[in-house]
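Report on the structure
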Amino acid sequence: MDLPQPLTTDQLYRAFDPTHLPFQTTAELHDGLEIIGQQRAVDAIRFGIGMSHQGYNLFALGPNGTGRQTTVHRFLQQRAATEPVPDDWCYVYNFDQPYKPWALRLPPGRAIAFRDDMKHLVEELASVLPGAFAGEEYQSQKRALEEELRGLQMEALDKLREEAKAQNIALIQTPGGFAFAPLKEGGEVISPDEFMRLEQEAQKQIETEVTRLQESLQHIMQQMPQLQREMQNRLRELNERVAGFSITPLLDELRQKYAELEAVSRHLDAVQKDIIDNFEVFLQDEESTGRQLLGAALGIASAERKASPSRYEVNVAIDNSHAQGAPVVFLDQPRYQNLVGRVEHVAQMGALVTDFTLIKPGALHEANGGYLVIEALKLLMEPFAWDGLKRALRQGEIVIESLGQVYSMISTVSLEPEPIPLQVKVVLIGERLLYYLLSNSDPEFNELFKVSADFEDEMERNDDNALAYARVIAEVGRKEGLRPFDRAAVARVIEYGSRLVEDATKLSTHMQSVTDLLRESDFWARQAGREVVENDDVRRALNEQIYRAGRVQERVQESIQRDRVLIDTDGAVIGQVNGLSVYLMGNHSFGRPSRITASVRLGNGEVIDIERQVEMAGPIHSKGVLILSGFLGQRYAAERPLSLAATLVFEQSYGGVEGDSASSAELYALLSALANTPIKQSLAVTGSVNQRGQIQTIGGVNEKIEGFFDVCRARGLTGEQGVIIPAANVDNLMLRDDVVEAARAGHFHIYPVQTVDEGIALLTGIPAGEPDAAGNYPPDTINGRVVARLIALAEKQREAASPPNDKNDKKKKKKGKAEKTGDGGA
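Attention in this report is confined to the structure presented alongside it. Predicted model only: the values in this text are computed from it and were never measured.

About the cut-offs
Residues numbered from 1 in each chain as written. Predicted model: local features only at pLDDT ≥ 70, side-chain atom pairs only at ≥ 80, totals over all residues. Heavy atoms only, no water. Helix = DSSP H or I, 4+ residues; strand = E, 2+ residues; numbered from the N terminus. Buried < 20%, exposed > 50% of the residue type's maximum accessible area, 1.4 Å probe, protein only. Contact = heavy atoms within 4.5 Å. Areas by Shrake-Rupley, 256 points an atom, 1.4 Å probe, with all protein chains shown as cover. 1 Å grid on protein atoms, 1.4 Å probe; cavity = no way out; pocket = protein on both sides within 12 Å on 5 of 7 lines; lining within 4 Å. Points joined across faces, edges and corners; volume = space filled by probe spheres on them. Nonpolar A, V, L, I, M, F, W, Y, C, P; charged D, E, K, R; others polar. Polar contact = N/O pair within 3.5 Å; in protein donor to acceptor, adjacent residues only side chain to side chain. Pairing = 2+ DSSP bridges. Phe/Tyr/Trp six-rings, centres within 6.5 Å; stacked < 30°, edge-to-face > 60°. Axes fitted to C-alpha atoms, helices over the stretch in contact; angles between N-to-C directions. Parallel < 35°, antiparallel > 145°, perpendicular 65-115°, else oblique. Left-handed = near helix turned anticlockwise from the far one by under 90°. Salt bridge = Lys/Arg side-chain N within 4 Å of Asp/Glu carboxyl O.

**A closer look at the overall build of the chain**
When you go through the chain residue by residue, the secondary structure sums to 30 helices and 29 strands. Residues counted as buried form 47% of the 826 residues belonging to the chain. Excluding contacts between residues fewer than 6 apart, the proportion of contacts in the chain whose partners are at least 24 apart in sequence is 76%. Summed over its atoms, the accessible surface of the chain is roughly 41,900 Å², and 50% of this surface lies on carbon and sulfur atoms.

What follows is the structure, encoded as structure tokens:
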């Protein structure tokens, strides 16, 4: 078996040829018109916003920084500009049920005009009605009614007075009312003494007549309230006629203006009826009017407030007078009230009161007829907001209700505004995990969000996409006032895109990171006094990013150089290998070597992972160790017991260990211990292994190589040092310039391996060995030494398990054989 050869420098860093870019600087390029690398998501967005059926709302899923919000916003704006402007909405007073305000729908721009017209109407009524009721014609008719009432009263009393006078009885009006008294012949009232001197017959006759007259007077008095009610009704009819005559021309003018709007016409009819019924509110003095205006401002629900002119106002909830196309609303704080609207209250004398003018719209109102964009995580973190959105989408209407009343948390008088029909396309933006959790956990989610726009993390690296990258650079530069980038700088940004995605054949679509690099490169170009951003500026921006975030990385390297963390970079040791791991600190990741050791002793085939035993290992790492055990059993214990006990450990590991990328390194250490063969400490290893001994791909390969390189460079490169990686990770290599230069000079090497046998041969300098037809390995190979060691361990285990008598017999047999052999030799 031939040993793997070190990778060439072209394989360690796949540079992009700037000559493939058809420009000198990005100033020559037009802005990019499409979102690059997101064709699947773009098609899904176009489909979603084109579907008008219920439930076809969108969920844009993908990692942050991939342009989800930018892409969604761009396509929504393009589509919204071609759609009609939605109608206006306003709330008005409900004269039949004051706590259930009406919602009126008006064409775009008409709500504000209607509000101003109603305000102007109230102002005109404040002058027209007092003038009409203070006019001579009304006053004369009112006086005529009053005189008619007094005439009817006097007529009945005069008739009764004449009737009494004919019987020599007088009708006298006193402070206590009316009374009857007998008269003398001269017309004078008989005094009580004189009345008592009259004959009994005369007294009885007078009393009888007075009683009859009193009954007649009582009948007249009983008719007086009815006469007054009749007069009040006639006066009310007069007031209604005068009020109606005064306001009808004003309202007819509004009816004509809004004739095509049936709902407005109905409201104007109700307004006219209410004004006629409550015209007195416009006739009150200044003090009373001031109290009503103050009450209207404070929302005081009182008797005066009930008939306040503010009930004729219009609360404009949605005004689209200045809109062009359908609305696109991005809700940054999706609280329940911000989403569906709210009814505000004002405190007055220890009580919370409200009216229809305090109804405030939510984002669903503002986006009605258009599009609403919300970050999914923020929405789910707000209490009741997610349920409120689902209810609105499911019912197809916006219902404003107070959570305090719904859940009986407060006892206040509130309103129940009329629901508004909802026609909106909702776009949620979130991570993939959030989308899958909602899809699996919420049965209503898949019914309401049927379209998923899945944003890619990466795209193919080719000349077309490289040119698209350059157009994005030009677009960002023009938007943010950055200097143009020459094509060498653009090529460096393209290479950075491959490093981001850890694939030399791909480009990252995480445009936030790319845009940050553009801004920082422009800064360093400005510091250098250049008008065009060059390759050196991009290189310095990348180095400065590493430097700013590299404090922990430097401390880790320092601890290795000072031997606080023990790492060997030369020599050879049995059962010890340099593994590689990656640390993520915020947005910065770096690699560092870790010493992995293995020890072997007699046992029953158990491989003990110390990290797992002390619960410092994650499930994936533990799985890797179990797979390692499976490989040992499959290769070396198919026909004999695995009579060993092995211990594996990450030395000086004080935190958790997770991942299976060190499983091959652990296997190499174990094979070294079994074969009693030292491993070169100048090499570090990364890669996972399966039960068949194949080396599998891992993540963070660039950081791992660079981490070990930094340690070796600090101690001095010898030309023997290097890293063994899975062959499948070769396309992931985009190493730092200093690593590439060291490899070019032959001071550092990267070896790709496909199997455990290739890796152990590189580490030990001894062939792994292949089995012959009988399944036996050559004795001077790693596999041959491992098999011999396992056979020896199995023999010892059998001896240890044999009874004492058997052991003595065996010793005697061995001694007898030795003596016989000796005699024969003599």
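Let us keep going from here.
**Side note on empty space enclosed by the protein**
The final tally for this structure, using the stated rule, is one cavity of 30 Å³ or more. By volume, the largest cavity is sized at about 60 Å³. Lining the largest cavity are Tyr-336, Val-340, Gly-388, Arg-391, Ala-392, Gln-395, Glu-397, Ile-398, Val-399 and Glu-401. Sorting the residues of the lining of the largest cavity by element identifies helix 11 (336–340), helix 14 (385–395) and strand 13 (397–398) as the ones contributing at least two each. Ranked by residues supplied to the lining of the largest cavity, first place goes to helix 14 with four residues. A breakdown of the residues in the lining of the largest cavity according to their chemical character gives five nonpolar, two polar and three charged.

**Considering the side chain of Gln-38**
Mapped onto the secondary structure, Gln-38 falls in the loop between helix 1 (9–12) and helix 2 (39–50). Given a relative accessible area of 1%, Gln-38 falls into the buried group. Among the polar contacts listed, one links the side chain of Gln-38 to the backbone nitrogen of Glu-456, at a separation of 2.6 Å. The contacts of Gln-38, once residues within four sequence positions are left out, are Thr-66, Asp-454, Phe-455, Glu-456 and Thr-509.

**A closer look at the pairing of strand 2 (residues 88–92)**
For strand 2, a buried count of five out of five residues is recorded, marking the element as mostly surrounded by other parts of the structure. Neither face of strand 2 is open: one carries Asp-88, Cys-90 and Val-92, the other Trp-89 and Tyr-91, and all of them are buried. Inspection of the sheet shows strand 2 paired to strand 6 (residues 315–318) by three bridges, in the antiparallel sense. If you follow Trp-89 over to strand 6, its bridge partner there is Ile-318.

**So, the packing of aromatic side chains**
Applying the stated criterion across every chain, the model contains 19 aromatic pairs. Within the aromatic cluster, the residues linked to one another by ring pairs are Phe-59, Trp-386, Tyr-435, Tyr-436, Phe-445 and Phe-449.

**Structural notes on the layout of surface pockets**
If you add up the space inside the largest pocket, you get close to 1,500 Å³. Around the largest pocket sit 44 residues that line it, and Tyr-496, Arg-499, Gln-545, Ile-546 and His-588 are the ones nearest its centre. Broken down by element, the lining of the largest pocket gets its largest block of residues, seven residues, from helix 21 (residues 535–548). Residue classes in the lining of the largest pocket are distributed as twelve nonpolar, 16 polar and 16 charged. Each pocket or cavity is described by its volume, and for the second largest pocket that value is around 750 Å³. Around the second largest pocket sit 32 residues that line it, and Gly-65, Thr-66, Gly-67, Arg-68 and Thr-70 are the ones nearest its centre. Of all the elements in the fold, those that place two or more residues in the lining of the second largest pocket are helix 3 (68–81), helix 13 (376–381), strand 15 (425–430), helix 18 (463–480) and helix 20 (511–527). Partitioned by chemical class, the residues of the lining of the second largest pocket number nine nonpolar, 13 polar and ten charged.

**Overview of the sheet that holds strand 22 (residues 606–609)**
With mixed pairing, seven strands are arranged side by side in an open sheet as 22-23-21-20-25-28-29. Of all the strands in the sheet, just strand 22 and strand 29 (749–753) have a single pairing partner and so form its edges. Averaged over all adjacent pairs, the angle separating strand axes in this sheet is 30 degrees, with direction ignored. Pairing geometry for strand 22 and strand 23 (residues 644–650), over four bridges, is parallel. Along strand 23, the bridge assignment pairs Asp-609 with Leu-648. Contacts from helix 24 (residues 619–636) reach strand 22 and strand 23 within the one sheet, and its direction differs from that of strand 22 by about 155 degrees. Contacts between helix 25 (residues 663–675) and the sheet are confined to strand 20 (576–585), strand 21 (588–602), strand 22, strand 23, strand 25 (683–685) and strand 29, with strand 21 contributing the most and set at about 30 degrees to the helix.

**Side note on unusual backbone geometry**
Not every positive phi belongs to a glycine, and Glu-502 is a case in point at roughly 55 degrees. One can find Glu-502 in the loop between helix 19 (487–501) and strand 18 (506–508). For Glu-502, a relative accessible area of 23% gives the class partly exposed. The phi dihedral of Asp-563 falls on the positive side, at around 60 degrees, and the residue is not glycine. You can call Asp-563 partly exposed: its relative accessible area is 48%.

**With respect to the packing of helix 24 against helix 25**
The geometry of helix 24 relative to helix 25 is characterised by a closest axis approach of 9 Å and an angle of 45 degrees between their N-to-C directions. Viewed along their axes, helix 24 and helix 25 adopt a mutual orientation that is oblique. In this structure, the crossing between helix 24 and helix 25 has a hand that is right-handed. Here His-621, Gly-624, Val-625, Leu-628, Phe-631, Leu-632 and Tyr-636 of helix 24 come into contact with helix 25, specifically with Ser-663, Glu-666, Leu-667, Leu-670 and Leu-671. When grouped by side-chain class, the residues that make up the contact of helix 24 with helix 25 number eight nonpolar, three polar and one charged.

**A closer look at the pattern of salt bridges**
What the rule picks out here adds up to 49 salt bridges. Glu-460 is the partner of Lys-506 in a salt bridge, and the nearest nitrogen-oxygen pair spans 2.4 Å. Of this pair, Lys-506 sits in strand 18 while Glu-460 is found in strand 17 (residues 458–460), placing the two residues 46 residues apart along the sequence. By relative accessible area, which is 17% here, Lys-506 ends up buried. Looking at Glu-460, the relative accessible area reads 41%, which means it is partly exposed.

**Considerations on the sheet that holds strand 2**
Paired through their backbone hydrogen bonds, the strands of a sheet run either parallel or antiparallel. Taken in spatial order, the three strands make up an open sheet running 3-2-6, and their pairing is antiparallel. At either margin of the open sheet sits one strand with a lone partner, and together these are strand 3 (102–106) and strand 6. For this sheet, the mean inter-axis angle between neighbouring strands, taken without regard to orientation, is 30 degrees. On top of the sheet, helix 8 (residues 262–277) reaches strand 2 and strand 3; it is set at about 135 degrees to strand 3, its chief contact.

**Re the side chain of His-588**
Following the sequence through the fold, His-588 ends up in strand 21. Accessibility expressed as a relative area gives 11% for His-588, which makes it buried. At 3.0 Å, the side chain of His-588 forms a polar contact with the side chain of Gln-553.

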